[in-house]
Structure formats: C-alpha cells, structure tokens
Amino acid sequence: MTSPTPIIHVVDDDASFRTSMSRLLVASGYQTAIYASARAFLEKLPVHDAGCILLDLHMPDVNGFELQKHLAESCNVLPIVFVTAHGDIKAGVQAIKAGAEDFLPKPVAKDALFQCVERALVRNAERRQQQDRLRSMRALVASFTPREAEVFALVVRGKLNKQIAHELGTTVRTIKAHRQAGMDKLGVKSFAEAVSIAERLGMLSE
Amino acid sequence: MSFLAPAFRILAGQAMLALLFFAASGEAIAAPKRVLLLYSFGLDAPPWGEYSKQLRSELFKKFPNEVDLFEATLETARFPGDVDDGPFADYLAALFSKRPLDLVITVAVPAALFVQRQRQRLFVNTPHLIARSEQRRYVRSSDSNETAVLTEIDFLAIMQSILHVLPTTEHIAIVLGASPLERYWKEQIQGEVEPLKGRVAFTWFNDLSFEDMLKTISRLPPKSAVFFATLAVDANGVPQMDPKVFSRFRDASNAPIFGYEDSSFGSGLVGGPMLSISEISRNVVDATARIVSGAAPSGLPATVVGLAAPRYDWRELQRWGIQETNLPARSRIDFREPSFWSQHRWTVIGITFAVLVQTLMISALLFERFRRRRAEAASRKRLFELAQMNRSLTVSAMSSSIAHELNQPLGAILNNAGAAEVLLSKSPPDIDQLKEIIADIRKDDERAGEIIGHLRGFLRTDDVPPGEVSISRAIEDVFNIIEPEAGKHGISIEHDQLSQPLFVRADRVHLQQVLLNLALNGLDAMKDISSSRLMVFRTTQIDEASVEIAVLDTGTGIPKDKLKEIFDSFVTTKQHGTGLGLSIARTIVEMYGGRIWAENRDHGGAAFRLVLPLVRFAA
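Calculation notes
- Residues numbered from 1 in each chain as written.
- Chains lettered and ligands numbered in written order.
- Predicted model: local features only at pLDDT ≥ 70, side-chain atom pairs only at ≥ 80, totals over all residues.
- Helix = DSSP H or I, 4+ residues; strand = E, 2+ residues; numbered from the N terminus.
- Buried ≥ 20, exposed ≤ 12 C-beta atoms within 10 Å, placed from the backbone.
- Contact = placed C-beta atoms within 7 Å.
- Nonpolar A, V, L, I, M, F, W, Y, C, P; charged D, E, K, R; others polar.
- Axes fitted to C-alpha atoms, helices over the stretch in contact; angles between N-to-C directions.
- Left-handed = near helix turned anticlockwise from the far one by under 90°.
- Pairing = 2+ DSSP bridges.
- Core = buried A, V, L, I, M, F, W, Y, C linked by C-beta atoms within 7 Å.
- Domains from an automatic or database assignment.
- Parallel < 35°, antiparallel > 145°, perpendicular 65-115°, else oblique.
- Arc of directions from axis to C-beta.
- pLDDT = per-residue confidence, 0-100.

Along the backbone of chain B there are 16 helices and 20 strands. The 619 residues of chain B split such that 37% are buried. Residue pairs at least 24 apart in sequence account for 72% of intrachain contacts in chain B once pairs closer than 6 positions are excluded.

As structure tokens, then:
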C-alpha cells in the first residue's frame with residue numbers, strides 16, 4: 001500500500017480566510033483544496049482519502065455541524081478540524097463529541113495550526129491503516145464457504161460446537177472441521193483473535 | 001292778561017300771594033315798559049358787547065314780555081374834541097317823541113353826560129339810570145329823576161395783586177388807547193400806582209399804534225407782566241372795535257396779561273380782582289325793577305360796585321407757571337381742566353385692570369409655554385437617552401457576534417502573515433505572491449475597520465439635526481450590523497429594493513435603529529425555527545409622498561392579541577426582552593411623521609411595516 005500525498009480541504013464561506021489559509025498551507029508544503037460551502041465540498045466528495053478537513057462552523061445553507069454529521073454517516077476517514085470565528089465552549093464540546101479532531105478559534109496561530117494539521121494527518125493515516133486492515137479482514141471473511149460462514153458466525157457468538165452441530169443438523173466433528181478451516185483462512189491462532197476480528201467487522205451486532 | 005294766565009294755574013295759596021303782589025303793582029303791569037339802553041361806544045367793542053349781552057338777558061329774565069327794549073349807541077365818545085350832539089338827539093327825538101320812555105339806562109360816562117345834556121329836550125320826565133360809570137368820572141346832577149350804578153376800580157390793588165401772584169415782576173406794560181378818555185385814565189392810574197414806584201417800572205401804550213403794541217408786547221423783557229386797561233383807539237386814531245383785539249394781544253404776548261374787565265376772563269386773561277359784569281348787570285336790573293315799579297330815582301342812592309374777589313384762569317396759571325400757592329387768599333380758580341384721572345377714572349381703572357389681567361394671562365401662558373418647552377425638551381432628551389440605551393443594549397447583545405465577526409479578517413490576516421513568513425524564508429522568495437498577500441492583508445484590515453466603524457456610528461450619542469437619508473443605505477448599514485448574528489443562526493437576509501434611491505428626512509442613526517430593532521425581533525423569532533429562515537427587507541413606494549419599508553420574517557409570528565400592544569413600552573413576547581425596542585421604534589417613526597404597525601404573514605412569520613414621508617426633490 002502506497003502512502004499518498006495528503007490533501008488539506010479548507011471549507012469556509014469567507015473567501016478571504018480560505019484563500020489565506022490555503023496560501024499558508026501551500027507555502028508550508030501542504031497540498032490544499034478549497035470549498036466555498038459545505039455543499040460544494042459534498043459535491044466534490046473526494047475519493048482521495050488522505051488528508052483532513054479544516055471546516056468553518058457558521059456557513060449559510062449547510063453549516064459545519066451538519067456536514068460533520070453527514071460525513072460521519074459515510075465511511076469518512078478525513079479528520080475534521082473546526083476553524084471558526086464563532087467558537088464558544090458549547091460549540092467546541094458539541095464538535096468534539098461528534099468526533100471532531102480539534103476545534104480552533106480564528107485567528108489561528110501558525111504553529112498551533114500546523115501541529116493540529118499534523119495530528120489530524122497522523123489520525124488520518126491511522127484510520128486509513130485501520131480501514132485497510134478491516135478491508136483485508138472483510139476479504140478473508142468473504143472467502144468463507146457458506147457453511148464456514150454460518151459456523152463462524154455462531155462460534156464468535158460463543159456457541160459450543162455441540163450446540164452449533166445441533167442447530168445446523170450436523171455432527172460436532174464437521175463443525176470442528178469448518179471451524180478450523182475458518183481460523184486458518186483468517187490466519188489466527190486463537191479463538192479470541194477470531195472473536196476480535198468479528199467484533200471489528202461488526203458481525204456481533206448483526 | 002297773559003301775565004295772569006299762568007298765575008291762576010298755580011296752587012291756591014300762591015295764587016293769593018300773587019294777587020296781592022299784582023294789586024300792589026297793578027299799574028306797572030298794565031302796559032309794556034319802554035326802556036332805552038344807551039351805550040357810549042360801539043356795541044361790538046369790548047367790553048361793551050358783553051355788557052349789552054348781560055343786561056339784555058338779565059332784563060328779559062326779570063321782565064319776560066313786559067319790557068320794550070331799545071338799544072342805541074352814542075358812537076361819539078371816541079372822537080377827540082367836542083362833538084355835536086344835535087343829529088343824534090334829533091334821531092332819538094324822532095324815535096321817542098310819540099312813544100314816551102319809561103326809563104333810559106346809560107352805559108358808561110359819555111352816554112350819561114349826553115343824557116344829562118339833552119335832559120330838557122329829550123327825556124324831560126324819563127327816569128335816568130346811570131350804569132357802569134367809574135365813580136371818579138361821575139358827576140351827580142341836581143336832577144332828582146336820576147340814579148346810578150357806579151364802579152370803583154382800585155388800580156393799586158390790581159397792581160399789588162399782580163405782584164403778589166408774580167413776586168419777581170419788575171416791569172408792567174399798561175395797554176391803553178389814545179382817546180381822550182383813555183389818556184384821562186392813564187393819569188388816573190399813574191397817580192394811583194405812585195406807591196409802587198421803585199418797585200416796578202411801568203410802560204404806557206397810549207402813544208403806540210396797534211401793530212407797535214403787538215410788537216412791543218411780544219418782546220417784553222423777562223419778569224414782565226401786561227395790564228390790559230382799555231383800548232378803544234390807537235395812536236394812529238384807528239378804533240379797535242374788533243372783539244378779537246384782546247385775543248390778538250394774548251397770542252402775541254410773551255408775558256401774562258391781567259385786566260380789570262372780566263369780559264376777557266376765560267379768553268386769555270390771567271385774572272385777579274376784576275369788575276364783574278354780571279354783578280353790575282344785576283345791580284342795574286335791580287334798580288330798573290324798582291324804577292319801573294314806580295320808585296322815585298331820587299329815593300334810590302347810587303350803588304357802587306367794586307372789584308370782585310380775585311378769580312384766576314387755571315389754564316393761564318399753567319401757561320405761565322404760576323403756583324396756586326402764590327394766589328391771594330380766597331381766590332377762585334376757574335376753568336380748571338379736569339385732570340386726566342378725574343375725567344377718565346373708570347376708563348383708566350378698567351383699562352389698567354384689563355391690561356393687568358391680560359398681562360397676568362400672558363405671563364401665565366408664557367410660563368406654561370416655557371414649562372411645556374422644557375418638558376418637551378426633557379422628554380426629547382429622555383427619548384434620545386432611551387434610544388441610545390437601546391442601541392447600546394442592542395450592540396451589547398450582538399457584541400459576541402460582532403467580536404467574532406472581527407475574527408474573520410483577523411484570522412485571514414494572521415494566515416497571510418504566516419504565509420508571508422514562510423515565503424520569505426525561501427530563496428528566492430515568491431515576490432508576486434508576497435504582493436498579493438500584502439494586498440489581501442490591507443483589504444482584511446480595512447474590513448475589520450469597517451466592522452468597528454458600523455458599530456461606532458451606531459453608538460453615536462450626539463444629537464444631529466435630521467437630514468436626507470437614503471433608505472437603501474440605511475438598510476445596508478443595518479445588514480452590516482446584523483449579518484454576523486444572522487450568519488450565526490443560519491438566517492438568510494435579503495434586501496428587496498427599488499431601482500431608484502429614495503430619501504426620507506430623519507437622523508440616519510434613528511432610522512437604522514428602527515430597522516435594527518425590527519431586524520433583531522425577526523432574528524429572535526427565527527432562532528428556534530427549523531424550517532427556512534429568511535428575513536426580507538422590502539421597500540415599496542406607496543405614492544409620490546410616502547414610502548413603505550416592510551421587514552418580513554419566517555419566524556414564529558406574533559400572538560394575535562398582542563399585535564397592537566407590542567408597540568407599548570414594557571410589552572414583550574420574548575423571555576429576555578426589555579419591551580422597549582418597538583416602543584422606541586414607534587416613537588422615532590412618529591417623530592418623523594410616519595407610522596408603524598405589525599401583522600402576521602399568511603404562511604407564517606411576522607411583517608412589520610412602517611410608512612415614512614418621502615423627501616421631495618425639485619424636478
């Protein structure tokens with residue numbers, strides 16, 4: 001897996017501010033993309049998933065929170081850093097609770113901004129890495145035969161082989177064989193590891 | 001018997017008395033008594049005209065319808081030397097030979113002498129009454145059918161009274177004519193005033209012509225007085241018969257004029273002790289009555305009438321500045337002009353009262369006006385203070401939004417500065433971009449300045465006279481102030497304006513304040529609305545003279561029962577409102593001759609509308 005150049009997305013309805021922000025970041029070696037509104041950002045929803053979003057809070061039409069909420073519902077790996085002129089404690093808490101990476105009041109000191117951007121990029125890298133892992137695990141799970149999948153789903157929920165065999169109308173031995181085949185496909189040694197993967201893939205809540 | 005007719009009409013007792021009287025004088029009333037009044041000088045010549053008038057009126061009063069009165073004048077008295085009585089005696093003889101006279105009254109000495117001379121020819125049995133002869137000139141004849149009413153003129157007393165009245169007098173001019181009689185009187189007077197020699201100097205007019213007399217009298221030295229004795233003929237022999245002679249002297253004189261004949265009293269004579277014509281006339285008429293009723297003249301002693309008690313003409317006293325305290329005791333003052341006060345007392349009191357009442361009323365009204373002005377000024381000041389407070393409150397309510405709004409340009413500036421630092425650390429630095437950055441910094445700095453400027457203008461406290469304010473400019477100003485607040489709540493604001501600019505006469509800040517109060521109400525009403533949040537300012541020209549500004553929102557609207565009262569003070573629908581915003585808005589709108597009202601919109605939200613008079617521009 002290659003490490004692509006991160007893009008800093010600047011979403012702000014204040015033209016002067018977004019231009020200056022972009023200018024500062026570019027001068028400091030970052031790559032940026034600017035958007036005049038949340039809607040413009042959504043329209044060009046980047047496929048490129050390396051980077052972060054510097055998001056204004058108060059914007060006409062769709063505001064920062066709404067965009068944050070919308071992104072949270074999709075598989076967003078771009079950390080959101082709010083940069084707002086109207087920052088107050090209430091808004092900051094709301095943003096952080098909703099998963100924002102940071103909440104910066106305008107004007108932002110250069111060093112603080114860079115630190116924040118760097119942290120966001122690290123978080124982004126983590127998220128991407130995690131997403132890659134999940135994606136590969138999901139691929140492994142997808143390689144299960146239907147019977148293996150059935151058995152695996154029951155095993156990770158803590159069912160005993162005997163119960164599974166009874167449920168599926170087969171023998172304990174057959175179940176053991178499917179179970180071993182699944183563990184091999186996932187490349188895990190222990191049962192606990194298998195449960196962990198299942199949990200991360202969200203199979204337990206299904 | 002016309003005489004009896006009225007007598008019988010009176011009461012019985014009086015009728016008896018009357019009958020007794022008639023019986024006693026039965027013969028006297030049988031026929032009218034024929035009386036001749038014979039004058040010495042012309043009838044019109046002063047003072048004889050006055051004697052004629054008085055005698056006639058007294059006689060007619062005493063003997064109504066009972067006297068047949070003839071008047072004649074000798075005329076010859078003023079001629080110098082001896083004159084022939086003949087023709088005049090013939091004339092009288094022709095008149096009275098067939099009509100015997102019952103009495104002849106002669107006025108002044110020449111006529112008396114004439115009668116005495118012609119006694120045997122003309123008036124053999126006629127009683128003779130000598131009137132108005134100075135006792136010095138009277139020569140009593142042996143005639144038993146004659147009696148007299150004489151006068152006595154005390155010239156010294158007259159002169160002394162002049163000096164009494166005008167104590168500083170040093171010179172007295174004595175007006176006397178040139179006729180023999182008048183020359184006689186000069187000597188008489190001269191002799192009489194001898195005791196005053198040294199005290200006062202006398203000038204005699206006997207040798208002056210009338211014109212010279214006037215000239216002299218108009219140039220008398222100070223401390224002079226004039227004594228007008230008699231003027232029948234002047235030195236040129238011109239008889240002075242004109243009744244206006246005295247008034248010409250009076251007009252010409254520069255000194256007060258005194259005299260002994262009261263005929264001129266009231267027409268310029270100062271006064272003093274004078275002969276009273278009416279007193280003389282009364283005495284003459286009394287004697288006449290006795291003679292006519294049969295009394296023998298020989299039995300009637302001659303009466304002497306002296307100078308009457310002093311009388312003075314008030315107007316002359318005023319004219320010559322003579323103090324009333326200088327007048328002799330028991331003097332009488334005539335012709336006193338009633339003072340303004342006694343003449344117009346009630347008018348004066350009335351007018352004074354009216355003026356006083358009016359003055360009081362005017363004062364009261366002025367005071368009231370002053371108080372009202374002061375109250376109005378105070379109330380206006382309060383309004384401005386309140387409006388100012390309202391603006392301060394408005395601004396402080398929005399201060400967080402506005403302060404944050406400042407962070408936009410400040411943030412951009414900081415970013416640009418940071419970028420510039422980074423660019424400068426490179427070599428070679430990107431000059432073009434640095435230029436752009438500096439331009440942007442300047443722009444943002446100006447923007448920050450504007451944000452503060454809007455507020456500062458709005459918080460102005462000084463009272464400026466209203467001018468012409470562009471409505472669209474005022475609305476833009478308000479937008480500048482509320483934009484951060486609107487943005488914070490995701491509220492869109494629009495300005496639906498006319499193509500041509502409209503102007504109203506007002507203080508710009510006041511108009512802004514009205515619009516701002518309405519705008520903030522609209523923003524408040526939309527904060528908790530989840531549907532669309534839109535505020536529209538719409539300007540509509542109603543007619544040539546007025547414009548409507550509507551502030552439309554999509555908020556919660558106004559409770560129906562509060563549509564009217566929200567403009568009252570301390571009425572609010574908000575949890576934290578002061579209840580003053582709309583009240584102040586209404587006061588301001590009405591101050592500029594407009595009106596304001598609120599209504600709910602059909603599809604939700606409220607509409608505030610205000611109508612203001614437009615400024616007319618000369619076409």
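There is more to say after this.
This brings us to the interface of chain B and chain A. Residue-level contacts link 23 residues of chain B with 18 residues of chain A. Taken together, the elements giving at least two residues each to the side of chain B that touches chain A come down to helix H12 (340-425), helix H13 (431-458) and helix H14 (471-488) of chain B. At 15 residues, H12 of chain B tops the list of elements feeding residues into the side of chain B that touches chain A. In the side of chain B that touches chain A, the residues fall into eight nonpolar, ten polar and five charged.

Relative orientation of the contacting elements helix H1 (residues 15-27) of chain A and H13 of chain B amounts to 145 degrees, with a least axis distance of 11 Å. With respect to the hand of their crossing, H1 of chain A and H13 of chain B are arranged in left-handed fashion. Between H1 of chain A, through Ser16, Ser20 and Arg23 of chain A, and H13 of chain B, the contact on the second element is made entirely by Ile437, Asp440, Lys443 and Asp444 of chain B. For the contact of H1 of chain A with H13 of chain B, the residue count by class is one nonpolar, two polar and four charged.

The pairing of strands in a sheet comes from backbone hydrogen bonds and takes either a parallel or an antiparallel form. Residue and element names in this part refer to chain A. What the five strands build is an open sheet, ordered E2-E1-E3-E4-E5; its pairing is parallel. The sheet terminates laterally at strand E2 (31-35) and strand E5 (102-105), the two strands that pair on one side only. Between one strand axis and the next, the sheet turns by 20 degrees as a mean value, whatever way the strands run. Packed onto the sheet, H1 meets strand E1 (7-11), E2 and strand E3 (51-55) and runs at close to 170 degrees relative to E2.

Our focus in this paragraph is the nonpolar core. All names here are of chain B. Of all hydrophobic cores here, the largest spans 88 residues; its most connected members are Leu38, Ile105, Val107, Val175, Val226 and Phe227. With seven residues, the single largest contributor to this core is helix H10 (residues 277-292). Counting residues domain by domain, this core receives three or more from each of domain 1 (31-151) and domain 2 (155-273 + 308-334). Discounting residues that sit within four places of it in the chain, Val226 has contacts with Ala173, Val175, Ile217, Ser253, Ala255, Pro256, Ile257 and Phe258. The next biggest cluster of nonpolar side chains, apart from the first, holds 46 residues, and it includes Ile482, Val509, Ala519 and Ala606.

On to the packing of H12 of chain B against helix H15 (residues 508-526) of chain B, then. When two helices pack together, you describe them by how their axes are tilted relative to each other and by the distance separating the axes. Residue and element names in this part refer to chain B. It is at 11 Å that the axes of H12 and H15 come closest, and there the two elements cross at 45 degrees. Put simply, H12 runs oblique to H15. When you trace H12 past H15, the crossing you get is left-handed. Note on element contacts: H15 touches H12 through His510, Gln513, Leu516 and Leu520, opposite Ala387, Asn390, Arg391 and Thr394. Of the residues assigned to the contact of H12 with H15, the class counts are three nonpolar, four polar and one charged.

Looking now at unusual backbone geometry. Pro107 of chain A follows Lys106 of chain A through a cis peptide bond whose omega is -10 degrees. By the secondary structure assignment, Pro107 of chain A is in the loop between E5 and helix H5 (110-142). Each neighbour pair has its own omega, and for Ser427 of chain B with Pro428 of chain B the value is 0 degrees, a cis peptide bond. Examined against the element boundaries, Pro428 of chain B turns out to sit in the loop between H12 and H13. The phi dihedral of Lys223 of chain B is positive, around 60 degrees, even though this residue is not glycine. Relative to the elements of secondary structure, Lys223 of chain B occurs in the loop between helix H8 (210-218) and strand E8 (224-230). Look at Lys223 of chain B and you get partly exposed, because 13 C-beta atoms sit within 10 Å. Even without glycine at this site, Phe335 of chain B takes up a positive phi of about 60 degrees. Summarising the element assignment, Phe335 of chain B is placed in the loop between strand E13 (332-334) and H12.

Attention now moves to H8 of chain B. Residues and elements named next belong to chain B. Looking only at H8, the buried set comprises Phe210, Met213 and Ile217. In a view along the axis of H8, the buried residues occupy a sector of 55 degrees, so they form one face of it. Relative to its buried face, H8 has exposed residues pointing more than 90 degrees away, namely Glu211 and Lys215. The inward-facing, buried residues of H8 contact strand E6 (171-176), E8 and helix H9 (245-252).

Turning our eyes to something else, we now look at the confidence of the model for chain B. Residue and element names in this part refer to chain B. Of all residues in chain B, 92% have pLDDT values of 70 or greater, and the mean over the chain is 84. In the predicted structure, residues 1-29 sits below a pLDDT of 50 and forms twelve contacts with residues beyond four places in sequence or in another chain. Interface scoring of the predicted complex returns ipTM 0.78; its pTM is 0.48.

Take the sheet that holds strand E17 (residues 534-541) of chain B next. Residue and element names in this part refer to chain B. Spatially, E15-E17-E18-E20-E19 is the arrangement adopted by the five strands of the open sheet, whose pairing is mixed. Of all the strands in the sheet, just strand E15 (492-496) and strand E19 (595-600) have a single pairing partner and so form its edges. For this sheet, the mean inter-axis angle between neighbouring strands, taken without regard to orientation, is 15 degrees. Where E17 meets strand E18 (residues 546-552), six bridges bridge the pair, whose relative direction is antiparallel. Counterpart to Phe537 in the pairing with E18 is Val551.

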